[in-house]
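Observations on the three-dimensional arrangement
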Amino acid sequence: MDAPLNLLIIEDTLADFLLVERHLRKDGLDAHCRQVANSADLVADLTDMNWDAVLSDYNVPGMEFTESLALVRSVLPDVPVILVSGTVGEENAVGLLKLGVTDFLLKENLTRLVPAIRRAQRDAAELRARHAAEQALREKSQLLLEMSALAHIGGWEYDPATGRCSWTEEVARIHEVSPSADTSIAFFFSFFHGEWRLKIETVLSQAIKYGKPFDLELEIVTAKGNRKWVRMVFAPTSDGGSVVKIRGSTQDITDRKRGEIMMFNQKERAEVTLHSIGDAVITTDAQGIIDYLNPVAQQLTGWSMEGAINKSLMDVLNIVDKNNKLPLPNPILPALSEGTISHLPVDCLLIRQDGRYSEIENSTAPIRSRDGSIIGAVLVFRDVTASREITAKIAYQAMHDALTGLPNRILALDRLQQAIGAALREGTCVGVLFLDLDRFKNINDSLGHSSGDYILEQVAARLLSVTRATDTVSRQGGDEFMIIMPSASHQVHFADLATKILDAVSAPYFVKQQELSLTISIGISMYPNDGSDASTLIKNADAAMYHAKEAGCDNYQFYATEMNSKAAKRLLFEVQLRHAVVRQEFVVYYQPKVDTADRKLIGAEALIRWNHPDLGLLTPANFIAIAEDSGLIVSIGQWVTEEVCRQNQAWLQHGHACVPISVNLSAIQFRNKSLVDSLRILLEETGLPPRLLELELTESVIMQGSETVIGTLQRLKQLGINLSIDDFGTGYSSLSYLKRFPIDTLKIDQSFVWDIAHDESNAAIIKAIISMAHSLKMSVIAEGVETQEQLAFLEAHQCDAIQGYYFSQPVPAMKFEEMLKVQRTLH
Ligand SMILES: Nc1nc2c(ncn2[C@@H]2O[C@@H]3COP(=O)(O)O[C@H]4[C@@H](O)[C@H](n5cnc6c(=O)[nH]c(N)nc65)O[C@@H]4COP(=O)(O)O[C@H]3[C@H]2O)c(=O)[nH]1
């Protein structure tokens, strides 16, 4: 049975209300009726109950019907309102229907009352259902709208027949146009450019022609000029075989696409980086199974990518300890188990598949997922074989002498400091032997540097052969060596070693098919007696070595306190010599040369003297060696030559019968490239005829025999200068060797002349020199002739000229000028 209806009856007359009630009951409608007769009650009652219908009189005093109707409609929009009244007129009725009245009944005829209520009930139910359906539809389309906005996806439709497009708000939003924008196909295409325009036009025409659906990703340029990526999915709708509509969706995929492009670029970059870096890279999963190795890793391990993938790291990375060749632990374990970055031990060798190996350096790090869990490891390593070799080589070179391979000055100093430290702890001694080869410069000058180097290597080998492994033999530079004897207890040990060294070094050497002999001078200092630190010990051993030199070379000397003052003196002397060059403290003495046959003055040798401010006139023996060692000989020699040219030209201008004056030329001067030019200029400037200048060269200079030497001699000769070989016989040159040089005169060394009368071999040498020189068209002069006996011998053997105290000592310029003036015959 149906529930009774709730009816609200707006009626001021109770009788009419009851009449309505009676009719309802009579016609079988179970209803609960409530009368309301004023506006206040109506407001209150409207919301008091769920009303099924409102019945209303038109004329209720105090209540305007249209206002009551509006009130009811506003509160109960779907509840039927039935007007029960006297006649309201047709026009009025239409207006009231518009305002929301559901039906009309006349009070006089209520027979239609129940059917009218029932019909209104049905209509209201339908209306409510329709409203509910509309509401649901509205909600659904709102949801769709919101979803499409959230997904950035909108729909569109194209009608090929009309060429019109329509699209949803979201599509308009994606294209950044207002929703009401023109949607012709041309407008639609205008968002596509270049290749994308071509593509969309092509696929759309294919869709129209063949009904083919498409799913594309394209780039558009929006109305505001922004570039966006869209995914367009569309499907044609056909009717009778021809396409009548194309419907599709457009989705803004810009963010995803940019992400993809970024990912692609990153991947590409990573890929290129991994392919081009010099380091090897291997990555594994969390179980240590290889999933990638770059080309360098392939090359270093000898495994190809295909071969190595899915293998355990340790199957591919065969690493062992360099020292004991035992396998090293898996380097990625710390990364996989503890998530830490780790490095291989320093001495790690990687053995390739083919058995070759390289030293490697590596670092391993974990690879983590977004949530931080370890999903693998990356191992980066590089071949450091070459760089370690270079480092070791550089370290070795920094500490060793390149020529001999001996420790150099730096390493020797370090070893000495260590030896002192050990001796201090153990209460022992340390010996420092400072060694310097005697007259080594002569070998370098005469035989050339390559021979000099060869000799130094030989000396180094000999020093090593007489020392123990615990001793340090070092080269200090040039022809200086130093030996450190650690933990020695007595001077005797040092003396023993020094003796062995003297013997070893003095054994003959064979260079360029010549036999050479060489000696060495040794200075010895000892810790703790001669110094408590390395530099003092070296300095004192050096001083002792100088002492050994002064004692005639080829010997050893222990350091004694007073030696240092000698070394200091030598230094002071060098400083004074430097000053002497600037202050022009030198003078030239002239020693006459005499024709053996008629005793006539035929020339002179210029010999330098140093007018020392404190020591008086010094002969070359006091300073020439120091001048050569310090390089001062170049400027000194230049001064002498200038002085001689200037002086001889002055004599010439004074009308004296002039003779050639010879100047000693040291090896260093001779090597000077500008020698010939500066002599030419000097002769031009002074105006001295070149034949009046003679150069005395030592045997060692020409013994180098190189093309350069010969060239220089020839250019000197071309200038017109006379050339003579000084101290002939003391070097290693043979007469036949001399044929190659444009030499005018040989000067027999005074050492042969001195005991000419008593030493038969010297006499024989002099005779041989004279006759062979003559056969080579050279003249011969003997120097150091002091006695009648010597003179007689030389005269008897046709020695062309004589120089020596027998005729005259070297004399000052003024005195020599006297001799020139008279051109006297000397006896
Ligand atoms: N006992 C003795 N000695 C005699 C006799 N006759 C000459 N002398 C000395 O023998 C040396 C000959 O010169 P030297 O062999 O070229 O040997 C020279 C020469 O090699 C060098 N020298 C001298 N002046 C110069 C120079 O201007 N430049 C260069 N580079 N070296 C020079 O110094 C050396 C020594 O020169 P001095 O002391 O002047 O010594 C001179 C001379 O005084 C003699 O009968 N008996």
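That block above? That's the structure.
Computed from a prediction, not measured in an experiment: that's the story for all the values here. (Residues numbered from 1 in each chain as written. Predicted model: local features only at pLDDT ≥ 70, side-chain atom pairs only at ≥ 80, totals over all residues. Heavy atoms only, no water.)

**Here's the deal with the sheet that holds strand β20 (residues 480-488)**
With respect to topology, five strands assemble into an open sheet ordered β19-β20-β18-β23-β24, the strand pairing being mixed. Looking at which strands have only one partner, the edges of the open sheet turn out to be β19 (472-477) and β24 (556-558). Looking at each pair of strands side by side, their axes are set apart by 20° on average, direction ignored. Judged from the seven bridges that link them, strand β18 (residues 429-437) and β20 form a sheet pairing that is antiparallel. Residue pairing for β20: L433 is matched across the bridge by I483. (Pairing = 2+ DSSP bridges. Helix = DSSP H or I, 4+ residues; strand = E, 2+ residues; numbered from the N terminus. Axes fitted to C-alpha atoms, helices over the stretch in contact; angles between N-to-C directions.)

**Comments concerning the environment of Q476**
Considering the arrangement of structural elements, one finds Q476 in strand β19. Once the C-alpha coordinates of Q476 and N408 are considered, the two residues, 68 residues apart in sequence, prove to be 6.0 Å apart. Among residues more than four places away in sequence, those in contact with Q476 are R409, A412, F434, F481 and M482. (Contact = heavy atoms within 4.5 Å.)

**Side note on the site of the ligand**
What surrounds the ligand is a group of 22 residues, the closest being E605, D726, Q750, E786 and Y805. At a separation of 2.9 Å, an oxygen atom of the ligand approaches a polar side-chain atom of R609. Separating an oxygen atom of the ligand from a backbone N or O atom of Y805 is a distance of 2.8 Å. For the ligand, the protein covers 84% of the area, taking 790 Å² as the surface of the free molecule. No other element matches strand β26 (residues 601-612), which puts four residues into the shell around the ligand. (Near = heavy atom within 4 Å. Polar contact = N/O pair within 3.5 Å; in protein donor to acceptor, adjacent residues only side chain to side chain. Areas by Shrake-Rupley, 256 points an atom, 1.4 Å probe, with all protein chains shown as cover.)

**Digging into the nonpolar core**
One recurring pattern in soluble globular proteins is that nonpolar side chains are buried together. Counting 80 residues, the largest nonpolar core has Y590, L794 and F816 as the members making the most contacts within it. Take this core: its biggest share by element is seven residues, from helix α22 (residues 633-653). Contact partners of F816, with chain neighbours within four places excluded, come to Y590, P592, L601, G603, A604, W651, V659, I661 and V811. The next biggest cluster of nonpolar side chains, apart from the first, holds 35 residues, and it includes Y509, V511, I520 and M703. (Core = buried A, V, L, I, M, F, W, Y, C linked by side-chain atoms within 4.5 Å. Buried < 20%, exposed > 50% of the residue type's maximum accessible area, 1.4 Å probe, protein only.)

**With respect to the layout of surface pockets**
Roughly 320 Å³ of internal volume is contained in the second largest pocket. In terms of lining, the second largest pocket is formed by 16 residues, of which the most central are Q638, E642, S678, L679 and L682. Looking at the lining of the second largest pocket, the elements that each hand over two or more residues are α22 and α24 (675-686). Partitioned by chemical class, the residues of the lining of the second largest pocket number six nonpolar, eight polar and two charged. (1 Å grid on protein atoms, 1.4 Å probe; cavity = no way out; pocket = protein on both sides within 12 Å on 5 of 7 lines; lining within 4 Å. Points joined across faces, edges and corners; volume = space filled by probe spheres on them. Nonpolar A, V, L, I, M, F, W, Y, C, P; charged D, E, K, R; others polar.)

**A look at the sheet that holds strand β5 (residues 103-106)**
The parallel open sheet is built from five strands, whose spatial order is β2-β1-β3-β4-β5. Edge positions in the sheet fall to β2 (31-36) and β5, since each of these pairs with one other strand and no more. For this sheet the average axis-to-axis angle between neighbouring strands, irrespective of direction, equals 25°. In terms of strand pairing, strand β4 (residues 81-85) meets β5 through four bridges, oriented parallel. When the bridges of β5 are listed, L83 appears paired with F104.

**What to know about empty space enclosed by the protein**
Under the criterion given, the structure shown has one cavity of 30 Å³ or more. Approximately 40 Å³ is the volume found for the largest cavity. In this structure, the largest cavity is lined by I9, I10, E11, V20, L55, S56, D57, V84 and K107. Among the elements of the structure, β1 (5-10) and β3 (53-56) are those that each provide at least two residues to the lining of the largest cavity. Class assignment of the residues belonging to the lining of the largest cavity gives a composition of five nonpolar, one polar and three charged.

None of this, on its own, says anything about what the molecule does.
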